[in-house]
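# Summary of the model geometry
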Amino acid sequence: MPNTPDFSPNTDDLLSNNAQFVAQFQDAGLALVPQRHLAIVACMDSRMDIFQMLGLHHGDAHIIRNAGGAVTDDVVRSLVISQRQLKTQEIILIHHTNCGLQSITDDGFKNEIEKDCGIKPWWATEAFADPYQDVRQSMARLQNSPFIVYKDHIRGFVYDVETGILHEVEPDSRHSA
Ligand SMILES: [Zn+2]
């Protein structure tokens, strides 16, 4: 598919930004193991700066992001490496209001893709209607995963993109530790 006429790529711009970044670089010597022993799973939404919203610094935490902040097999893979190899023991989930995944349905989106591409995706789109319910489901998936070993400190939040407030979501009592 060709790009739309109004699109121009960013990479060259960003590389010149990186040259300025390198000139002021101060992160040499940071440890591989996150200092707060913390992993965060968040939506990829461009309005959320996870470090900024939580006052985190480089080297503090693993940040694992995808569309929706869904707990997929690949997120579990990253969390298992985070916990077993890199010593994290706490997980924070961050979904948000006005998420792109609220504007599609699993079936509708998959049918659209099949029409365009000739093949139906074999993966779930992880579409949802209610971000609070989606956080609850994600917390339950972590509690139910045999591969996640540290489950005592798992908390979930919905970030309000209009106020910056993090609203905590109580886990479904059927799955709480
Ligand atoms: Zn989102």
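## Here's the deal with the overall build of the chain
Within the chain, the secondary structure is distributed over five helices and five strands. Mapped in sequence order, the helices and strands of the chain form the string α-β-α-β-α-β-α-α-β-β. Expressed as lengths along the three principal axes of its C-alpha atoms, the size of the chain is roughly 50 × 45 × 35 Å. Every one of the 177 residues in the chain was classed for burial, and the buried ones make up 23%. Expressed as a percentage of contacts within the chain between residues at least 6 apart in sequence, the contacts between residues at least 24 apart total 67%.

## Describing unusual backbone geometry
We note that Lys87 has phi near 65°; this positive angle belongs to a residue other than glycine. Relative to the helices and strands, Lys87 is located in the loop between helix H3 (73-84) and strand E3 (90-96). Taking the number of C-beta atoms within 10 Å as the measure of exposure, Lys87 has 12 and is therefore exposed. Non-glycine residue Asn98 carries a positive phi angle of around 55°. Summarising the element assignment, Asn98 is placed in the loop between E3 and helix H4 (106-117). Taking the number of C-beta atoms within 10 Å as the measure of exposure, Asn98 has 13 and is therefore partly exposed.

## Considering the environment of Ile81
Within the secondary structure layout, Ile81 lies in helix H3. Sequence spacing of Ile81 and Ile148 is 67 residues, and the spatial spacing of their C-alpha atoms is 9.8 Å.

## Details of the nonpolar core
Of all hydrophobic cores here, the largest spans 26 residues; its most connected members are Ala39, Ile40, Val41, Ile91, Leu93, Ile94 and Phe157. When residues of this core are traced back to their parent elements, those giving at least two are strand E1 (38-43), strand E2 (61-66), H3, E3, helix H5 (131-144) and strand E4 (154-159). Looking at this core element by element, the count peaks at five residues for E1. Excluding its chain neighbours within four sequence positions, the residues that come into contact with Phe157 are Ile92, Leu93, Ile94, Val135, Leu166, His167, Glu168 and Val169.

## Describing the pairing of strand E5 (residues 166-169)
In this sheet, E5 lies alongside E4 in antiparallel orientation, the contact comprising four bridges. By the bridge assignment for E5, Val158 is matched with His167. From the end of E4 to the start of E5, which pair antiparallel, there are six residues, and Gly164 there has a positive phi angle of about 85°.

Procedures and definitions
- All residue numbers refer to positions counted from 1 along the written sequence of the respective chain.
- Local features are withheld for residues below a pLDDT of 70 in this predicted model, meaning they are given only at 70 or higher, and side-chain atom pairs are given and counted only at 80 or more; totals for whole chains, interfaces and linings count all residues.
- Numbered from the N terminus, helices here are DSSP runs of H or I no shorter than four residues, and strands are runs of E no shorter than two.
- The burial criterion counts other C-beta atoms lying within 10 Å of a residue's C-beta, which is placed from the backbone; the residue is buried at 20 or more, exposed at 12 or fewer, and partly exposed between these limits.
- By the convention adopted here, residues make contact when the C-beta atoms placed from their backbones lie within 7 Å.
- Note on terminology: a nonpolar core is any set of buried Ala, Val, Leu, Ile, Met, Phe, Trp, Tyr and Cys residues joined through C-beta atoms within 7 Å.
- Paired strands, in this sense, are two strands between which DSSP finds at least two bridges.

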